[in-house]
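# Structural characterization, general
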Amino acid sequence: SAASDVYKRQLEEASAALAVATEHDLPDRTARASLQLLRLVGDRKRSFDEAQRWGALARAAASRLPGYARLHSQLAWVEGTVAWRAGAFDRARAQLEHALALTKAQDESWDDQNAQLAGIATELGMVLDRMGKSEAAQAQVERALAIRRTLFGPRHPAVADALGDLAVGGLR
């Protein structure tokens, strides 16, 4: 299928990027390529054991880059997403809360930082909902909705997605 071909191409490209990055001892590129592989195999392929190996490599590379706050927050976010998909809700919650804290601490443009906060808050809300913590879940998804309304206005597709998350998740 076309989706399978795209996945294979993305996997090949990320693997090639990782090979070059490790050959030249480039920890930032190693971390980013490993992060992409983590996302691909964990979130798309749902191969959670393999995803954990890519996550470990990404964490090892990222540990050499203490000043890369965005990379660290993205890594925590993707690891939280993969843990959620694997049904490891406690781990997902911890990773997503960590991603939120790292993202809040970044010195980046307001829009970029808040768009990331909205995405993480949405996923954290879904995890909390699955854990039976409805009030906390609703607060996170409403937070994401408020951020998206501020960033994009009330009639943007991202706002519609957030409203859908509230409705589908039974969070409202």
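### Section: the environment of Arg29
Within the secondary structure layout, Arg29 lies in helix α2 (residues 27-44). On the basis of relative accessible area, Arg29 is assigned to the partly exposed category, the value being 48%. Sequence spacing of Arg29 and Pro154 is 125 residues, and the spatial spacing of their C-alpha atoms is 37 Å.

### Details of the side chain of Glu123
Assignment of secondary structure puts Glu123 in helix α6 (residues 110-130). In this structure Glu123 is buried but unpaired, with Arg85 as the nearest side chain of opposite charge at 5.1 Å. Reaching out from Glu123, the side chain makes a polar contact with the side chain of Trp77 at a distance of 3.5 Å. One polar contact links Glu123 to Thr81, side chain to side chain, over a distance of 2.2 Å. In this structure, Glu123 is in contact with Trp77, Thr81, Trp84 and Leu96, ignoring residues within four places of it in sequence.

### Some details on the pattern of salt bridges
Applying the stated rule across the entire model yields seven salt bridges. A salt bridge links Arg9 to Glu13; the nearest nitrogen and oxygen atoms lie 3.2 Å apart. Separated by four residues within a single helix, Arg9 and Glu13 lie in helix α1 (residues 2-23), roughly one turn from each other. In this structure, the salt-bridge partner of Glu79 is Arg59, at a minimum N-O distance of 2.1 Å.

### Describing the nonpolar core
Counting residues in each nonpolar core, the largest one holds 25 residues, and the members touching the most others are Trp84 and Val127. Listing elements by their share of this core, those giving two or more residues are α4 (69-85), α5 (89-104), α6, α7 (134-152) and α8 (157-168). No other element matches the eight residues that α6 contributes to this core. Within the second largest apolar cluster, 19 residues are counted, among which are Tyr7, Ala31, Leu40 and Val41.

### A few points about α5
Here α5 is 16 residues long and its end C-alpha atoms lie 22 Å apart, about the 22 Å a rise of 1.5 Å per residue gives. Turning to α5, its buried residues number three or more, namely Phe89, Ala92, Gln95, Leu96, Ala99, Leu100 and Thr103. One side of α5 holds all its buried residues, which, seen down the axis, span an arc of 145 degrees.

Reading the values: rules and limits
Residues numbered from 1 in each chain as written. Predicted model: local features only at pLDDT ≥ 70, side-chain atom pairs only at ≥ 80, totals over all residues. Heavy atoms only, no water. Helix = DSSP H or I, 4+ residues; strand = E, 2+ residues; numbered from the N terminus. Buried < 20%, exposed > 50% of the residue type's maximum accessible area, 1.4 Å probe, protein only. Lys, Arg positive; Asp, Glu negative; His and termini not counted. Salt bridge = Lys/Arg side-chain N within 4 Å of Asp/Glu carboxyl O. Polar contact = N/O pair within 3.5 Å; in protein donor to acceptor, adjacent residues only side chain to side chain. Contact = heavy atoms within 4.5 Å. Core = buried A, V, L, I, M, F, W, Y, C linked by side-chain atoms within 4.5 Å. Expected span 1.5 Å × (residues − 1). Arc of directions from axis to C-beta.

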